[in-house]
Amino acid sequence: MNDIILLKLGEIVLKGLNRKSFEQKLMSNVRRRLEPIGKFRVYCLQSTVYVEAQEDGADMDAAFAALKKVFGVIKLSRAAACEKDRDAIAALAIEYLREDMERVRSFKVESKRSDKSFPLTSIQLSQYVGGLLAEAYPNVQVDVHEPELTVHLEVRDLAAYVHATPVPGAGGMPVGSNGVAVTLLSGGIDSPVSTYMIAKRGVRLIPVHFFSFPYTSQQAKDKVVDLGRQLTEYCGRMTLEVVPFTHIQEEIRDKCPEEYFTLIMRRFMMRIAKRIADANGAKAVVTGENLGQVASQTMEAMASTQAVIDMPVLQPLIGMDKEEIVTLARKIGTFETSILPYEDCCTVFTPRHPRTHPKLKDVEAAESALDIAALVDEAVKGIERIRLDHE
Ligand code: ATP
Ligand code: MG
């Protein structure tokens, strides 16, 4: 008999009529996530998604670790199965909950029974197993009012289950339940975190990277591919769009005043992002901007960047401290890759004295020597697409 994994749904249970489609989305994300790990059956009952191995030796540890990163799950737990016999259930509980029972001072047992032919009522089963657990762990008291540990038992059609203590899930909403957005992914610390944060709100993401070969190296691109792959743990499978950006940067360098280089470059990024969004039904662009962090992240600079795009620019890191961003980057596992020392296209042609409080009409005048439409077309035509999948 196989162990199972139980996923408690988060916010989506609040969503009334949408709930069914959210559950479907979550289940299909879970199925897709488990594909490389093994064969599992995934189904939903009363706001809980059950995951059962369908082959012997399925790697439940790997499945559990993967499911901790699936958005839309607020809590998850494992349960061990045994035959539907009160002594078998008690023996399993004593064995399976050893670590928990040695850690706490008080406990109670709660049982659920969907198999109504089971000879004991839920209360009788709780009392029976509770008694044997208390005997096996004499230092732990039964406390039905404020127990440190609640042991959950469940008698279902094919087996009985003893549940382990739940652990927190990734929270948020299932990816794909809230539309699609383009996310600008550099090799830095911030944009992987902003990507994660918007995916957490249920948005499916299309990562876009601007690549300035040979000013930035193949390694810089590989680093972004690595970051994208790491993010698939949370975001699901994605296709990275790598935009050739060299010609645009050279044109800016040759034809525009130096103090506007970064601003003009960022306006090109937005125009190209918008083209990719339109081609994919995406309704917003996500960036890792953070108020005041660098010269291009003042309110005036951001206004001049966003003036070229008529869709929301989502900046989930806007009010965070660097410290908080780094903590999140470490938590999601992107930090170590982000700090690898390869150049980004933004650092290649950095002006010595960037405009920090630009006026829109001056930025427009500064880029007026460029054939903007032709440059955008050329970049979009040269896009390389890279599938990002789970390892
Ligand atoms: P990050 O740590 O994400 O690189 P940053 O602090 O270096 O951000 P900027 O260089 O101003 O800040 O970039 C702001 C945002 O613009 C980035 O967070 C990212 O969303 C986007 N961006 C910058 N460079 C690139 C690039 N080469 N390709 C794709 N997006 C980029
Ligand atoms: Mg950067």
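Everything here concerns the structure above.
Values in this document were obtained by computation on a predicted structure and should not be read as measured data.

1. A few points about the site of ligand 1
Then, in step 1: Taken together, 22 residues are adjacent to ligand 1, and L184, S186, S191, R266 and Q293 come closest.
Then, in step 2: With respect to ligand 1, the side chain of D190 contributes an N or O atom lying 2.8 Å from an oxygen atom.
Then, in step 3: Interatomic distance of 2.6 Å between a backbone N/O atom of S191 and an oxygen atom of ligand 1.
Then, in step 4: Within the complex, 91% of the 570 Å² of free accessible area of ligand 1 lies under protein.
Then, in step 5: Breaking the shell around ligand 1 down by element, the ones donating at least two residues are α6 (190-200), β11 (204-211), α9 (261-280) and α13 (345-348).
Then, in step 6: Among the elements that make up the shell around ligand 1, the one with the highest residue count is β11 (3 residues).
Then, in step 7: A class-by-class count of the residues in the shell around ligand 1 yields 9 nonpolar, 9 polar and 4 charged.

2. Thoughts on the pattern of salt bridges
Then, in step 1: Applying the stated criterion across every chain yields a total of 30 salt bridges.
Then, in step 2: K361 is the salt-bridge partner of D362, the closest N and O atoms lying 3.8 Å from each other.
Then, in step 3: Judged by relative accessible area, which is 28%, D362 ranks as partly exposed.
Then, in step 4: A network of salt bridges, in which partner residues are shared, links D3, D61 and R78.

3. Some details on helix α1 (residues 19-34)
Note on helix geometry: an α-helix contains 3.6 residues per turn, so any two residues three or four positions apart are oriented the same way.
Then, in step 1: Between its first and last C-alpha atoms α1 spans 22 Å; for 16 residues at 1.5 Å apiece the expected length is 22 Å, and the two agree.
Then, in step 2: When we look at burial in α1, the residues that qualify are F22, E23, L26, M27, N29, V30, R33 and L34. Buried residues of α1, viewed axially, fall in a sector of 160°; they line one side.
Then, in step 3: Where α1 is buried, its residues meet β1 (4-9), β2 (40-45), β3 (48-53), α2 (60-67), β4 (73-82) and α7 (218-235).

4. Brief notes about the nonpolar core
Then, in step 1: If you look at the biggest cluster of nonpolar residues, it comprises 38 residues, and the most contacted ones within it are V182, L184, I252, I264, F268 and I272.
Then, in step 2: For this core, the elements supplying multiple residues, two or more each, are β10 (180-184), β11, α8 (246-255), α9, α14 (360-366) and α15 (372-381).
Then, in step 3: Residue contacts for I252: discarding those within four places in its chain leaves F261, I264, M265, F268 and L370.
Then, in step 4: Counting 33 residues, the second largest nonpolar core, distinct from the first, contains V175, M238, V242 and L317.

5. Remarks on the packing of aromatic side chains
Then, in step 1: Under the criterion given, the structure shown has 6 aromatic pairs.
Then, in step 2: Aromatic side chains Y43 and Y50 sit 5.4 Å apart centroid to centroid with 10° between the ring planes, which places their arrangement in the stacked category. Each member of the pair Y43 and Y50 is classed as buried.
Then, in step 3: Each ring, one from F210 and one from F245, has its centre 4.8 Å from the other, and the planes form 50°; the classification is tilted. Of this pair, F210 sits in strand β11 while F245 sits in the loop between β12 (238-244) and α8, and the two are 35 residues apart along the sequence.

6. Remarks on helix α11 (residues 322-332)
Then, in step 1: Every buried residue belonging to α11 is among I325, V326, L328, A329 and I332, and all of these are buried. Taken around the axis of α11, the buried residues stretch over an arc of 165°, which confines them to a single face. Exposed residues on α11 whose side chains face more than 90 degrees from its buried face are E323, T327 and K331.
Then, in step 2: Here the buried face of α11 lies against α6, α7 and α12 (335-338).
Then, in step 3: G333 sits one or two positions beyond α11 and adopts a positive phi of about 90°.

7. Considerations on the side chain of R271
Then, in step 1: Of note, R271 is situated in helix α9.
Then, in step 2: Relative accessible area serves as the criterion here: at 15%, R271 is assigned to the buried category.
Then, in step 3: Look past the residues within four positions of R271 in its chain and what remains in contact with it is V308, E367, I372 and V376.

8. As for the sheet that holds strand β14 (residues 313-314)
Then, in step 1: Strand order in the open sheet formed by 6 strands is β14-β13-β10-β11-β12-β15, and the pairing between neighbours is mixed. The open sheet is flanked by β14 and β15 (384-388), the only strands paired with a single partner.
Then, in step 2: Pairing analysis gives 5 bridges linking β10 to β11, with the strands arranged parallel. Note on β11: the bridge partner recorded for L184 is V208.
Then, in step 3: Packed on one face of the sheet, α9 meets β10, β11, β12, β13 (285-286) and β14 and runs near 150° to β10.

The rules behind these values
Residues numbered from 1 in each chain as written. Chains lettered and ligands numbered in written order. Predicted model: local features only at pLDDT ≥ 70, side-chain atom pairs only at ≥ 80, totals over all residues. Heavy atoms only, no water. Near = heavy atom within 4 Å. Polar contact = N/O pair within 3.5 Å; in protein donor to acceptor, adjacent residues only side chain to side chain. Areas by Shrake-Rupley, 256 points an atom, 1.4 Å probe, with all protein chains shown as cover. Helix = DSSP H or I, 4+ residues; strand = E, 2+ residues; numbered from the N terminus. Nonpolar A, V, L, I, M, F, W, Y, C, P; charged D, E, K, R; others polar. Salt bridge = Lys/Arg side-chain N within 4 Å of Asp/Glu carboxyl O. Buried < 20%, exposed > 50% of the residue type's maximum accessible area, 1.4 Å probe, protein only. Expected span 1.5 Å × (residues − 1). Arc of directions from axis to C-beta. Contact = heavy atoms within 4.5 Å. Core = buried A, V, L, I, M, F, W, Y, C linked by side-chain atoms within 4.5 Å. Phe/Tyr/Trp six-rings, centres within 6.5 Å; stacked < 30°, edge-to-face > 60°. Pairing = 2+ DSSP bridges. Axes fitted to C-alpha atoms, helices over the stretch in contact; angles between N-to-C directions.

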